[in-house]
Amino acid sequence: MKNNKFTSTWGFILTTVGSAVGMANVWGFPYKLAANGGGAFLLVYLFFIAIFAYFGLSAEYAVGRYSETGTLGSYEKAWSHVKLSKLGKAIGILPLLGSICIAIGYAVIISYVLKSLFQSLTGSLMTIDADTWFKSFSSTNFSVVHFHFIVIVITLLTCVSGAHSIEKANKIMMPLFFVLFVILAIRVAFLPNAFSGYKFMFTPDWKMLLDPKVLVSAMGQAFFSLSITGSGMIVCGAYLNKAEDIMGGAKQTAIFDTIAATVAALVMIPALFSFSENPEGGPGLLFVTLPKILQNMVGGRIFAIALYLAVLFGGISSLQNMFEVVCESILHTFKSLNRKTVLVFIGLVAFIPGIFMEPIGGVPGAILGGWGPWMDLVSIYIIPMGATLGAFSWFWIMDRDALIGEINIGSKKTYTKTWYYLGKFIYVPMAMILCFIALYYKIAF
């Protein structure tokens, strides 16, 4: 583990941003922004991003670096403070399970993205009827197996050398993600009626804030967007050198993640307004609405390639983290195992159930009900509970001085007990309330 470290601050930031940036930014944020009051939702979202990065994200980085290992080892060490290390390790299984379960469905979604990229490259995406095209593969079992397999293999290859290969991959994928989306945003700005989209985005509809679903939607989006799941960011902290500033890293991760979400919205929402399309979230946005828009744009094929390539990078970087979290915990528990063997095992665990849920769901005869219900199950129940257990473990169970001390190692500013108690009595209750509300309203993270 000692040699499995990030080699630079930039590599660490790009990796954590890569983990955070994904479908939650690309299709989740624009849709929720459009459906929950535009600018009002944005302000609430930014508030929660700041709170969760300052307490939740920094704590997960600190716990990982303190324990020098990932999910299971970190929970074990945190709970050893109250002489319940075995219980802590058992508790860590739930957020770890959340990582692999979300990875199973996530890989299927990315296979759809890869298919879209392939058909953009061949030009066939520019001539198909988007609704018919999407139904042709989203409602047919085993329709994208070859793309699914490629996504799994590419992601595993980026994890083959641990922190080193993950860092190298993200130094390529993340800058390209931002560059491609900025190019797309500039192109969209020249579309007719694009200004109406900007106006909608940044004009608050304050009455929407009276709806508790809007508040919990913003909270959930912030939590999931930052990848605070009680698991994912711990392993990033475990690969962080002691000289690095944890709080500075948390702030930069939050800033770049928010920029990614905002730029994605600057592409999606003005384009929807320009072509009089209704804002929608989920697969319909990426695989039905956007192909229709791209078909009617000058240079649409080029921009389709840029769009799906950028989304592919964001998806793989997130899937990469989900795989690495599980891989590290297995290697920590069974030290005699080889990393490559474990990665192959994880790939099979993600691939085999995934090919039986390739249809979206709701299709008669769809095996395992499709990935839609599966993803809802994981993101409504497992992920929120995992995030809550993590928050509780760090601020209520782990040794207070150890947590504060780890935050201050490498920090340019000294953080005191004030930070700790604010996290304990404000952040943790927020996480718990969010979990309960999400369960009550059945709102997916």
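Structure report, in brief. All residue numbers refer to positions counted from 1 along the written sequence of the respective chain. Selection of residues for local features in this predicted model requires a pLDDT of at least 70, selection of side-chain atom pairs for listing and counting requires 80 or more, and totals for whole chains, interfaces and linings are taken over all residues. With hydrogens and water set aside, each side-chain value is computed from the structure's full complement of heavy atoms.

1. Re a nonpolar patch on the surface
Rules: Each patch groups residues whose relative accessible area exceeds 30% and which form no salt bridge, using 9 Å between like charges and 5 Å between nonpolar side chains of Val, Leu, Ile, Met, Phe, Trp and Tyr. Throughout, the Shrake-Rupley method with a 1.4 Å probe supplies accessible areas, and for residues the shown protein chains are the sole cover considered. Salt bridge, as used here, is a side-chain nitrogen of Lys or Arg placed within 4 Å of a carboxyl oxygen of Asp or Glu. Per the convention used, a helix needs a DSSP run of H or I reaching at least four residues, while a strand needs a run of E reaching at least two, with both numbered from the N terminus.
A cluster of nonpolar residues, Phe142, Val344, Leu348, Ile352 and Phe356, forms a patch on the protein surface that exposes about 440 Å² of accessible area. Within the element layout of this structure, Phe142 appears in the loop between helix H7 (130-138) and helix H8 (145-158).

2. Describing the environment of Phe223
Going by this rule: Partly exposed residues are those whose accessible area sits between 20% and 50% of the maximum for their type, while under 20% is buried and over 50% is exposed, using a 1.4 Å probe and protein chains only.
Tracing the backbone through its elements, the reader meets Phe223 in helix H11 (residues 212-225). Judged by its relative accessible area of 1%, Phe223 falls in the buried class. Residues Phe223 and Glu277, spaced 54 residues apart in sequence, show a C-alpha to C-alpha distance of 29 Å.

3. Topic: the packing of aromatic side chains
Just so we agree on the cut-off: Aromatic contacts are taken between Phe, Tyr and Trp rings whose centres are within 6.5 Å, Trp giving its six-membered ring; a plane angle under 30 degrees counts as stacked, one over 60 as edge-to-face, and the others as tilted. By definition here, charges over rings are those cases where NZ of Lys or CZ of Arg is within 6 Å of the ring centre and within 35 degrees of the ring normal.
Scanning the entire structure with this criterion turns up 34 aromatic pairs. Lys77 extends its terminal NZ or CZ atom over the ring of Tyr66, reaching a point 4.3 Å from the ring centre. The cationic tip of Lys424 hangs over the ring face of Trp396; the distance from NZ or CZ to the ring centre is 4.3 Å.

4. Quick look at the pattern of salt bridges
Taken as a whole and assessed by the stated rule, the structure comprises 7 salt bridges. Between Lys292 and Asp131 there is a salt bridge, with its nearest N and O atoms 3.0 Å apart. Residue Lys292 is found in helix H14 (residues 283-295), and its partner Asp131 is found in helix H7; the two are separated by 161 residues along the sequence. Salt-bridge contacts for Arg339 lead to Glu324; the nearest nitrogen and oxygen are separated by 2.9 Å. On the criterion of sequence distance, the pair formed by Arg339 in helix H16 (residues 339-355) and Glu324 in helix H15 (residues 300-333) is long-range, its members being 15 residues apart. Judged by its relative accessible area of 15%, Arg339 falls in the buried class. Through salt bridges with shared partners, one network takes in Arg65, Lys242 and Glu406.

5. Quick look at unusual backbone geometry
Phi is positive for Glu68, close to 55°, though the residue is something other than glycine. Inspection of the secondary structure assignment puts Glu68 in the loop between helix H3 (39-67) and helix H4 (71-79). In this structure Glu68 comes out as partly exposed when scored by relative accessible area, which is 38%. Positive phi outside glycine occurs at Lys83, with the angle close to 60°. Within the secondary structure, Lys83 is located in the loop between H4 and helix H5 (85-91).

6. A word on the packing of H3 against H4
Spelled out, the test is: Orientation is described by lines fitted to C-alpha atoms, with helices fitted over the stretch in contact, and by angles between N-to-C directions that extend from 0 to 180 degrees. The labels follow the angle: roughly parallel below 35 degrees, roughly antiparallel above 145, roughly perpendicular from 65 to 115, and oblique for the rest. Here, two residues are considered to be in contact whenever any of their heavy atoms come within 4.5 Å of each other. Nonpolar residues are Ala, Val, Leu, Ile, Met, Phe, Trp, Tyr, Cys and Pro. Charged residues are Asp, Glu, Lys and Arg, and all others, Gly as well, are polar.
Relative orientation of the contacting elements H3 and H4 amounts to 85°, with a least axis distance of 9 Å. Taken together, H3 and H4 sit at an angle that is classed as roughly perpendicular. Of the residues in H4, those in contact with Val63, Gly64, Tyr66 and Ser67 of H3 are Gly73, Ser74 and Lys77. The residue makeup of the contact of H3 with H4, split by class, is 2 nonpolar, 4 polar and 1 charged.

7. Structural notes on the state of the cysteines
Spelled out, the test is: What counts as a disulfide here is a pair of cysteine sulfur atoms lying within 2.5 Å.
Throughout the structure, instances matching the rule amount to 0 disulfides. Unpaired in terms of disulfides, Cys101 finds its nearest cysteine sulfur in Cys435, a separation of 16 Å. When its relative accessible area of 10% is taken as the criterion, Cys101 is described as buried. No disulfide involves Cys159; its sulfur sits 7.2 Å from the nearest other cysteine sulfur, which is in Cys327.

8. Thoughts on the packing of H3 against helix H13 (residues 246-274)
Selection rule: The sense of a crossing depends on the near helix, which, turned anticlockwise from the far helix by less than a right angle, makes the crossing left-handed and, turned clockwise, makes it right-handed.
Direction vectors running N to C along H3 and H13 enclose 135°, while the axes themselves pass 8 Å from each other. In terms of their interaxial angle, H3 and H13 are classed as oblique. The handedness of the crossing between H3 and H13 comes out as right-handed. Listed contacts from H13 to Tyr45, Leu46, Ile49, Ala53, Tyr54, Leu57, Ser58, Tyr61, Ala62 and Arg65 of H3 are Ile246, Met247, Gly249, Ala250, Thr253, Ala254, Asp257, Thr258 and Ala261. Grouping the constituent residues of the contact of H3 with H13 by class yields 13 nonpolar, 4 polar and 2 charged.

9. Quick look at the nonpolar core
Quick reminder of the rule: We call a set of buried Ala, Val, Leu, Ile, Met, Phe, Trp, Tyr and Cys residues a nonpolar core when their side-chain atoms join them within 4.5 Å.
Within the largest apolar cluster, 158 residues are counted, with the highest numbers of intra-cluster contacts made by Phe52, Phe181, Leu286, Tyr308, Phe395 and Trp419. Setting aside anything within four residues of it in sequence, one finds Phe395 in contact with Phe55, Ala59, Leu403, Trp419, Tyr420, Gly423, Lys424, Tyr427 and Val428.

10. Structural notes on the environment of Gly410
Among the structural elements, Gly410 can be located in the loop between helix H18 (400-408) and helix H19 (417-441). Each C-alpha atom of the pair Gly410 and Leu114 lies 40 Å from the other, and the pair is 296 residues apart in sequence. Those residues within four positions of Gly410 in sequence are excluded, and the remaining contacts are Lys242, Ala243, Glu244 and Asp245.

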